[in-house]
Amino acid sequence: MKGKALGLGLAMAGLMSAPVLAGYLVDNGSFPIGSGRTVSGLNIAGGWTVFQPFTVTDAAGWHVNTIGVDGWLVLNPFDNDMLGTLLPDDGFGNPDEGNPVMKMVFDMTNTDANTSAWVDVIFDVDIGMGDYWMKWEDNGDPDYWAAIYNAPMGENSFSRRDDGEVFPSGPTALRIDGTIIPGPASMAVLGLALAGVRRRRH
């Protein structure tokens, strides 16, 4: 039993000592100073959707715990909130809207355009290495109106009006919390330890 405990202990120690297993995959920060990118229904200035890209560089990918956005609410007559969709890139630098990874509703309640009020929603999903997008839009309310703060860092975003015209912009407030998925080397350490335990049993 001591050999088994030692083997498993060494394996777990190896996994726990792997660098930077958890934290923020993305943390663009925010500028809560009364300006940002409009997210709105069709009745508000023609309807606006915001797309913010980000990249996963770790070969094994990430487990996304939460995705957060910072901004303020201008108008929400039907209490439908904002829809956030995680999208893959289509391989040509564009969001692949036909193959969403996951959609969640973000309840924007902050009405002060000069106050930071991050809204973090649980996604609990694994994503591999590659390029991705967060798409922000109204959730079926033509009179919905919110805004996402601009950010001091991150990849450049773009806004799209409902008529299809696109307007490039700087980064927007986005943060993604999660854990790096253990790579093959880390899992091999555990596998070797377990194999050693089985040999000692026999």
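The residue numbering used here restarts from 1 in each chain and proceeds along that chain's sequence as written. Restriction of local features to residues with pLDDT of at least 70 applies here, the model being predicted, together with a cutoff of 80 or more for giving and counting side-chain atom pairs; totals for whole chains, interfaces and linings are based on all residues. To obtain the side-chain values, all non-hydrogen atoms of the structure were included, while hydrogens and water were left out.

The subject of this paragraph is the packing of aromatic side chains. To describe a pair of aromatic rings, one takes the distance between the centres and the angle between the planes. Any Phe, Tyr or Trp ring, taking Trp's six-membered ring, that has another such ring centre within 6.5 Å forms a pair; planes under 30 degrees apart are called stacked, those over 60 apart edge-to-face, and the others tilted. Under the counting rule described, the total for this entry stands at seven aromatic pairs. With a centroid separation of 5.2 Å and 35° between ring planes, the pair formed by W72 and Y149 is classed as tilted. Of this pair, W72 sits in strand β5 (residues 71-75) while Y149 sits in strand β10 (residues 145-149), placing them 77 residues apart in sequence. Each member of the pair, W72 together with Y149, is buried. Relative to W136, the ring of F106 lies with its centre 4.8 Å away and its plane at 85°, an arrangement referred to as edge-to-face. Of this pair, F106 sits in strand β7 (residues 102-106) while W136 is found in strand β9 (residues 130-138), placing the two residues 30 residues apart along the sequence. An aromatic cluster is built from F51, W133 and F158, whose rings are joined through pairwise contacts. Each helix is a run of DSSP H or I of at least 4 residues and each strand a run of E of at least 2, with the numbering of both proceeding from the N terminus. Relative accessibility decides the category of a residue: with a 1.4 Å probe and only protein chains considered, values under 20% of the type maximum give buried, values over 50% give exposed, and everything between is partly exposed.

Moving on to the pattern of salt bridges. Whenever Lys or Arg places a side-chain nitrogen within 4 Å of a carboxyl oxygen from Asp or Glu, that contact is recorded as a salt bridge. All chains considered together, the criterion is met by six salt bridges. Close ionic contact of E137 with K135 constitutes a salt bridge, the shortest N to O distance being 3.7 Å. Neither residue differs from the other here; E137 and K135 are each classed as buried. Note that D163 is salt-bridged to R161, the shortest N-O span being 3.0 Å. Each of E97, K135, E137 and R160 takes part in a single network of salt bridges with overlapping partners.

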